[in-house]
Amino acid sequence: RNQAKRRGKRERTRRCTAMILEEVELSTSGRPRLVEGEVQCATYGDADLEFDGVGGLQGRLGNKYVQGCLLLTTHRILWIDRKHLPDKGNSCEIPLDNVSRVVPPKMHLWKTPRMKLQVALDTRGRLVSLNHQVASMARIVIPMRSKSESYKYFVGKLMDNIDRKTWPDRPAPPLPRPPSATLEKPYVPDPDFLRALPPDIKEEVLTQYEDELKRYEEKLAEEKLETEEDGPNGDGAQDRRFSTLDAGVSGILRREMEAQQKTDSSLESALTDLGALMEEAKGMVDIAQRLRDKLQASPEGPNQRENEEMGEMLLSLGIDTPVTRDNAGSLYHQQLSRQLSDFLEPRLKNVGGVMPLVDTYCIYNRARGTDLISPNDMLKAASLFSSLHLPLQLREYSSGVLAIEGKGHSTDDVRRRLEEMLRSREYLTAQVVSASLSIPMILAQEHLVAVEEIGVLCRDDSLEGLRYYPNIFTSKLVSDYLAKDHVHFVR
């Protein structure tokens, strides 16, 4: 009998033919894009997903997904497909509010530890919150194969987040309003039928019809009033009912006083404690993020100075979830490299596509706030750009200067820009190149040396300083240079 009960329970958990998961949006570096208020908590380096039957992303269903890593946030469990990084591949998510039970892995000497999750599904096989209408339950098995790190921290953090319910509450979808039978319009008696009735019965029928019509109109007015109070979106946004107290000048003053009292109460609640203040500050953070996106979309223009000042102000906002050794585990340097790439990629476009490693270290640490990283961690993370197939690379110049540049940045691009500058100048200096390209002096000097080594420029080191002239023997600028009467002895 017990075996039959267990068999029936397993069959009930496998009612759905497929378990549909939602895909995870990744940045260009392969880091998941977190939603507002979401914080990364833990990482596990090597894990698979085994579904109860068939499951996965829509159109890419299977029995299991392999070769991935787990990221735990306050809202979700993220499975990142390591085979296709930085593309998202089969990367998917499991919201924490869909998990009804977590079975921790059991200790085995030779077997792979497996964590089991029991999740809620709707009638279409998609994950659904436990607060909503649940059609069935299913199981996801996660083999945790990493041999270099323990799963205990990740599992403990997961169970702690579920116990504390660190995710925001999602309202249940509104149920459709059932049609009311009392709102059926009363039947209108046929005139020929009324004429055939005796007078006393005819009067009784008409009285009954008038009573039913009156009740119908009252019910119709009540339902209309409820709809107006619910508002156009069902969220109570409709204005309150009209009253004579709201009429005239006194009504306007009364409404202004009520609005002022509501504003004062909201300010008082915001200043009660730090938690309420941070809650009220979310709107300001949203505005700052929109300004940052707008700044990145148009970095140049007539208000370039204002854009630079705004960029300095937005830099102080910092990073929402900095990568640390606690929340990244054995993948610390890889995750640090990916976050560093996301942080630097838009900023390199405003500084000529290249930035010294020392400058990036200062800017990145400033954005991290108190979670500073060491220079060795910065160097190791930057050296992983190429192996992780990220859009940045670490370059060492002939003088030993280290810089981070985009993969589209090359010596040919620098050569073309310097040649364009030489069309309007007789010579170039490090100061001129630094001001024109918005780069530090040390990088301007490195660019001039690199273009000199390929034979486009030649140097003149004198009492007036180090100057770089076009090489009239090998440069393509010979005709332009001679046309300006710079070389008189040729004539």
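This write-up is about the structure you can find in this document. Everything numeric here is computed off the predicted structure, so don't read it as measured data. (Residues numbered from 1 in each chain as written. Predicted model: local features only at pLDDT ≥ 70, side-chain atom pairs only at ≥ 80, totals over all residues. Heavy atoms only, no water.)

### Side note on the overall build of the protein
Okay, so step 1: The helix and strand tally for the protein stands at 16 helices and 13 strands.
Okay, so step 2: Each of the 491 residues in the protein was classed as buried or not, and the buried ones make up 37%.
Okay, so step 3: In the protein, the proportion of contacts linking residues at least 24 apart, taken out of those at least 6 apart, comes to 58%.
Okay, so step 4: As presented, the protein carries roughly 30,400 Å² of accessible surface, and 53% of it is formed by carbon and sulfur atoms. (Helix = DSSP H or I, 4+ residues; strand = E, 2+ residues; numbered from the N terminus. Buried < 20%, exposed > 50% of the residue type's maximum accessible area, 1.4 Å probe, protein only. Contact = heavy atoms within 4.5 Å. Areas by Shrake-Rupley, 256 points an atom, 1.4 Å probe, with all protein chains shown as cover.)

### Notes on the side chain of R76
Okay, so step 1: With respect to the secondary-structure elements, R76 resides in strand β4 (residues 76-81).
Okay, so step 2: A polar contact of 2.5 Å, which involves the side chain of R76, links it to the side chain of E93.
Okay, so step 3: What R76 contacts, discounting residues up to four positions off in sequence, is R33, L34, V35, E38, L71, E93, I94, P95 and L96. (Polar contact = N/O pair within 3.5 Å; in protein donor to acceptor, adjacent residues only side chain to side chain.)

### Considering the nonpolar core
Soluble globular proteins tend to bury their nonpolar side chains together.
Okay, so step 1: L117 and V119 are the most contacted members of the largest nonpolar core, which totals 34 residues.
Okay, so step 2: Looking at this core element by element, the count peaks at 7 residues for strand β2 (residues 40-57).
Okay, so step 3: Listed in part, the 22 residues of the second largest apolar core include L336, F343, L344 and I404. (Core = buried A, V, L, I, M, F, W, Y, C linked by side-chain atoms within 4.5 Å.)

### Digging into the environment of H447
Okay, so step 1: By secondary structure assignment, the location of H447 is in helix α15 (residues 441-453).
Okay, so step 2: Measuring from C-alpha to C-alpha, the distance between H447 and V414 comes to 6.8 Å, with 33 residues separating the pair along the chain.
Okay, so step 3: Apart from the residues lying within four places of it in its own chain, the contact partners of H447 are V354, Y397, H409, V414, L418, L437 and I439.

### A word on the sheet that holds strand β11 (residues 402-406)
Okay, so step 1: Pairing within the open sheet is antiparallel, and its 3 strands lie in the order β9-β11-β10. With partners counted over all chains shown, the strands left at the sheet margins are β9 (354-356) and β10 (392-396), one partner each. Taken pair by pair, the neighbouring strands of this sheet meet at an average axis angle of 25 degrees, ignoring direction.
Okay, so step 2: Relative to β11, β9 runs antiparallel, the two being bridged by 3 bridges. Bridge pairing in β11 links V354 to E405. (Pairing = 2+ DSSP bridges. Axes fitted to C-alpha atoms, helices over the stretch in contact; angles between N-to-C directions.)

### Observations regarding α15
Okay, so step 1: An ideal rise of 1.5 Å per residue puts 18 Å on 13 residues; α15 measures up with 19 Å between its terminal C-alpha atoms.
Okay, so step 2: Inspection of α15 places L443, A444, E446, H447, L448, V449, A450 and V451 among the buried residues, and these make up the whole buried set.
Okay, so step 3: On its buried face, α15 sits against β9, β11, α13 (411-422), α14 (430-437), β12 (457-462) and β13 (465-470).
Okay, so step 4: Where α15 ends, the next residue or the one after it, G455, has phi of about 90 degrees, a positive value. (Expected span 1.5 Å × (residues − 1).)

### Quick look at the packing of α14 against α15
Packed helices, taken two at a time, are described by their axes: the angle between them and the distance between them.
Okay, so step 1: Axis separation between α14 and α15 bottoms out at 8 Å; the angle between their running directions is 110 degrees. With respect to α15, the element α14 is oriented roughly perpendicular. Seen along the crossing, α14 lies across α15 with a hand that is right-handed. Contacts from A430, Q431, V433, S434 and L437 of α14 reach α15 at M441, A444, Q445, H447 and L448.
Okay, so step 2: Across the contact of α14 with α15, the residue classes tally to 6 nonpolar, 4 polar and no charged. (Parallel < 35°, antiparallel > 145°, perpendicular 65-115°, else oblique. Left-handed = near helix turned anticlockwise from the far one by under 90°. Nonpolar A, V, L, I, M, F, W, Y, C, P; charged D, E, K, R; others polar.)

### Some points on the side chain of T360
Okay, so step 1: Here T360 shows up in helix α11 (residues 357-368).
Okay, so step 2: Classification of T360 by relative accessible area gives buried; the value is 0%.
Okay, so step 3: Of the polar contacts made by the side chain of T360, one reaches the backbone oxygen of L357; its length is 2.7 Å.
Okay, so step 4: Apart from residues lying up to four places away in sequence, T360 is in contact with L344, M355, M378 and I404.

### Focus on unusual backbone geometry
Okay, so step 1: For the bond from L85 to P86, the omega torsion is 5 degrees, close enough to zero to count as cis.
Okay, so step 2: Within the secondary structure layout, P86 lies in the loop between β4 and β5 (92-95).
Okay, so step 3: Backbone geometry places Q67, a non-glycine residue, at a positive phi of 60 degrees.
Okay, so step 4: Within the element layout of this structure, Q67 appears in strand β3 (residues 60-73).
Okay, so step 5: Judged by its relative accessible area of 43%, Q67 is partly exposed.
Okay, so step 6: Positive phi, normally seen in glycine, also occurs at K165, with a value near 55 degrees.

### What to know about the packing of α13 against α14
Okay, so step 1: Relative orientation of the contacting elements α13 and α14 amounts to 110 degrees, with a least axis distance of 12 Å. In terms of their interaxial angle, α13 and α14 are classed as roughly perpendicular. Listed contacts from α14 to R417, L418 and M421 of α13 are V432, V433, S436 and L437.
Okay, so step 2: Along the lines of polarity and charge, the residues of the contact of α13 with α14 split into 5 nonpolar, 1 polar and 1 charged.

### What about the pattern of salt bridges?
Okay, so step 1: Scanning all chains against the criterion turns up 19 salt bridges.
Okay, so step 2: A salt bridge links E50 to R114; the nearest nitrogen and oxygen atoms lie 2.9 Å apart. Of the two residues, E50 sits in strand β2 while R114 sits in strand β7 (residues 114-121), which places them 64 residues apart along the sequence.
Okay, so step 3: Residue classification places E50 among the buried positions, given a relative accessible area of 19%.
Okay, so step 4: Residue R124 pairs with D122 through a salt bridge whose shortest N-O separation is 3.7 Å.
Okay, so step 5: The exposure class assigned to R124 is exposed, which follows from its relative accessible area of 62%. (Salt bridge = Lys/Arg side-chain N within 4 Å of Asp/Glu carboxyl O.)

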